[in-house]
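Structural features, examined
Okay, here's what each chain looks like letter by letter:
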Amino acid sequence: MAAHPTEKTSHVASIESITPFVVNLSPKSNWFFVRVTNDAGIHGYGEGTLYGRETEQLAALESLKPIILGRPAQLVHMAMPAGGGGLVASSVVSALEQAITDLRAREWGTPLYKELGVPPQRTAIRMYANINRRTGDRSPEGFAASARDALAQGFLAVKIAPFDGVVPQELGTKESRALIDAGIARIHATRDAIGENTVLMVDCHWRFDEKTAATVLKELKSAKLFWFECPIAETGENHPALKKLRRVAHRIETRLAGAEQGIGVDAFKPFVEGGLYDVVMPDVKYAGGYQQMLRIAEMCQRSQVDFSPHNPTGPVCTMASLHICAVAPNFLLLEHQLGESPLYHELVRGAHPAVRDGCFEVPSAPGLGIDLDEDLMRAHPYQPLTNVRDARLGQGGR
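Residues numbered from 1 in each chain as written. Predicted model: local features only at pLDDT ≥ 70, side-chain atom pairs only at ≥ 80, totals over all residues. Heavy atoms only, no water.

**Some remarks on the overall build of the protein**
Operational definition: Each helix is a run of DSSP H or I of at least 4 residues and each strand a run of E of at least 2, with the numbering of both proceeding from the N terminus. What the globule rule says is 2.2 Å times the number of residues to the power 0.38, and the radius of gyration is computed from C-alpha atoms. Each accessible area is a Shrake-Rupley result for a 1.4 Å probe, and residues are judged covered by the shown protein chains and nothing else. Positive charges come from Lys and Arg alone, negative charges from Asp and Glu alone, with His and the N- and C-terminal ends not counted. Every charge is mapped to an atom, namely NZ of Lys, CZ of Arg, CG of Asp or CD of Glu.
Across its full length, the protein carries 13 helices and 14 strands. Scaling as 2.2 N^0.38, a compact globule of 398 residues should have a C-alpha radius of gyration of about 21 Å, and the protein matches this with 21 Å. Within the structure as shown, the protein displays about 15500 Å² of accessible surface, and the carbon and sulfur contribution to it stands at 50%. Of note, the protein has its 41 positive side-chain charges centred 4 Å away from the centre of its 45 negative side-chain charges.

Dropping the structure here:
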């Protein structure tokens, strides 16, 4: 945390309450938020959205309350566990770290990035529109129309996840090849719709094996992809395959990207220092919060790997990621889940940044720069999800 030149000489506020909000958007999506409030009435928000794991997260949050409640915010980081427990535990710890950092910035009346202890590098954050969840019409024409709409809203870069139904266990069958061809048709339709000079990325959600991924990469040369994301499972045994796929990607002048579910800086070392990816995509919700994200960004800078945070969920994660990107030493692009639900903007109290020239401005208001409409969140309570992910993809594939 950033050091402040003076300390408050009166009452040192301690954490009084921790309140979760699980907000349902659709049969496929719940958002998981946490509000932390101190005994002076100042609050902060964090987000730990992890689709389909909300009941486990609520249990994990309850287990952490006894070591947080009653402590001054500046001491909580020493009390909370780091790493371990998988994505559920890390998502809850990350959400709490975000919320406490937001609270502290509000106490001081400063933008959150000033609490991170690093001088700002930029005030405008280059964005890309993830249009996958907003695209209900999964035909090539549906993808094309959705991409054109993203450009009309001011975005200059688009990402799609076109390989519906493809799973590693069924590769090599005629049915799987037909699904791959359908995905390739969606990619080309999107490229035609946005023009050859607009950035286009493709997310594979770990649906391939090495051989199929290499074949698909070569078939997509004319699509001029900016990056090819998460082609195969990121298990240790697949690291040599990822290194080879990176070379294949370079031969068609594109990048290989991934590592969105890593927990802590050590999880990213093989991908960054081992030369597996050109772009790594840590998520503030999973990596352990702001300080872990900044350590990952610094490692990326040393290895000349691009840092491009994963952010396909709610508005708190977007604001948190903007503040990280403002101070990160090595930054490429930030993801924005475009138009999944009107609730995204309806929940926000305060000024959400507007997209201008493909960028969001970093908020200058205290803390994150926004509040949430808690009455509206309560009006859309948790619902069990259906069609969250295909378990055959192994890494939370959607």
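**Focus: helix 3 (residues 86-108)**
The condition that has to hold: Under the convention used throughout, the expected extent of a helix is 1.5 Å for every residue step, that is, one less than its residue count. Burial classes follow relative accessibility: with a 1.4 Å probe on protein chains only, a residue under 20% of its type's maximum area counts as buried, one over 50% as exposed, and anything between as partly exposed.
The end-to-end C-alpha distance of helix 3, which contains 23 residues, comes to 33 Å, matching closely the 33 Å that a straight helix rising 1.5 Å per residue would cover. In terms of residue burial, helix 3 counts as a mostly covered element, since 19 of its 23 residues are buried. Where helix 3 ends, the next residue or the one after it, Gly109, has phi of about 70°, a positive value.

**Some words on the confidence of the model for the protein**
Counted only if it meets this: Every residue is assigned a pLDDT by the predictor, reflecting its confidence on a scale from 0 to 100. In this description, contact between two residues means that some pair of their heavy atoms is separated by no more than 4.5 Å.
Summarising the model, the protein shows a mean pLDDT of 93, and 92% of its residues fall at 70 or more. Note that pLDDT drops below 50 for residues 1-10; the model gives that stretch 13 contacts with residues more than four away or on any other chain.

**Remarks on helix 8 (residues 265-272)**
Quick note on the threshold: An arc is given here, and it is the one of the directions from the helix axis to the C-beta atoms.
Along helix 8, the residues that are buried comprise Val265, Phe268, Phe271 and Val272. Projection of helix 8 onto a plane perpendicular to its axis shows the buried side chains occupying an angular sector of 105°, all on one side. Those residues of helix 8 hidden inside the fold are in contact with helix 7 (239-251), strand 9 (279-280) and helix 10 (290-303).

**A word on the pairing of strand 1 (residues 15-26)**
Keep this limit in mind: At least two DSSP bridges between two strands are needed for those strands to be called paired.
Direction of pairing for strand 1 relative to strand 2 (residues 29-38): antiparallel, over a ladder of 10 bridges. Each bridged residue has a counterpart across the sheet, and for Ser26 the counterpart in strand 2 is Ser29. Hairpin connection, strand 1 to strand 2: the antiparallel pair is bridged by two residues.

**Some points on a positive patch on the surface**
The line we're drawing: Candidates for patches are residues over 30% relative accessible area with no salt bridge; among them, like charges are joined within 9 Å and nonpolar side chains (Val, Leu, Ile, Met, Phe, Trp, Tyr) within 5 Å. By definition here, a salt bridge exists when the distance from a side-chain nitrogen of Lys or Arg to a carboxyl oxygen of Asp or Glu is within 4 Å.
Residues Lys218, Lys243, Arg247 and Arg251 make up a contiguous surface patch of positive charge. A total of three residues in the positive patch trace back to one element, the largest contributor, which is helix 7. For Lys243, the position within the fold is in helix 7.

**Topic: the side chain of Thr212**
Filter applied, for reference: Two N or O atoms form a polar contact when they lie within 3.5 Å of each other; inside protein one atom must be a possible hydrogen donor and the other a possible acceptor, and for residues adjacent in sequence the pair counts only when both atoms belong to side chains.
Relative to the assigned elements, Thr212 resides in helix 6 (residues 210-219). A distance of 2.7 Å separates the side chain of Thr212 from the side chain of Asp209, its partner in a polar contact. The residues touching Thr212, leaving out its near neighbours within four places in the chain, are Leu171 and Ile180.

**With respect to the pairing of strand 6 (residues 199-203)**
For a regular strand, the rule is simple: side chains alternate between the two faces of the sheet. Rules: Orient the strands so they point away from the viewer; a crossover is then right-handed if the path from the first strand over the helix to the second runs clockwise.
Counting buried residues in strand 6 gives five out of five residues, a clear majority hidden from the surface. Alternating residues of strand 6 divide into Val199, Met201 and Asp203 and Leu200 and Val202, and every residue in both groups is buried. Sheet analysis places strand 5 (residues 157-160) next to strand 6, joined by four bridges and oriented parallel. Along strand 6, the bridge assignment pairs Ile160 with Val202. On the question of chirality, the crossover connecting strand 5 to the parallel strand 6 by way of helix 5 (residues 174-194) is right-handed. Where strand 6 meets strand 7 (residues 227-229), three bridges bridge the pair, whose relative direction is parallel. Pairing of Val202 across the sheet is with Phe228, part of strand 7. For the crossover from strand 6 across helix 6 to strand 7, the handedness is right-handed.

**A look at the nonpolar core**
Just so we agree on the cut-off: Nonpolar core, defined: a set of buried Ala, Val, Leu, Ile, Met, Phe, Trp, Tyr and Cys residues in which side-chain atoms within 4.5 Å join the residues together.
Of all hydrophobic cores here, the largest spans 91 residues; its most connected members are Phe33, Phe163, Ile187, Phe208, Phe228 and Val280. Per-element accounting of this core gives the leading share, nine residues, to helix 11 (residues 315-327). Ignoring anything within four residues of it in the chain, the contact list for Phe33 reads Thr19, Pro20, Phe21, Val23, Gly46, Glu47, Pro315, Val316, Leu347, Leu372 and Met377. Within the second largest apolar cluster, 22 residues are counted, among which are Phe32, Ala99, Ile100 and Tyr286.

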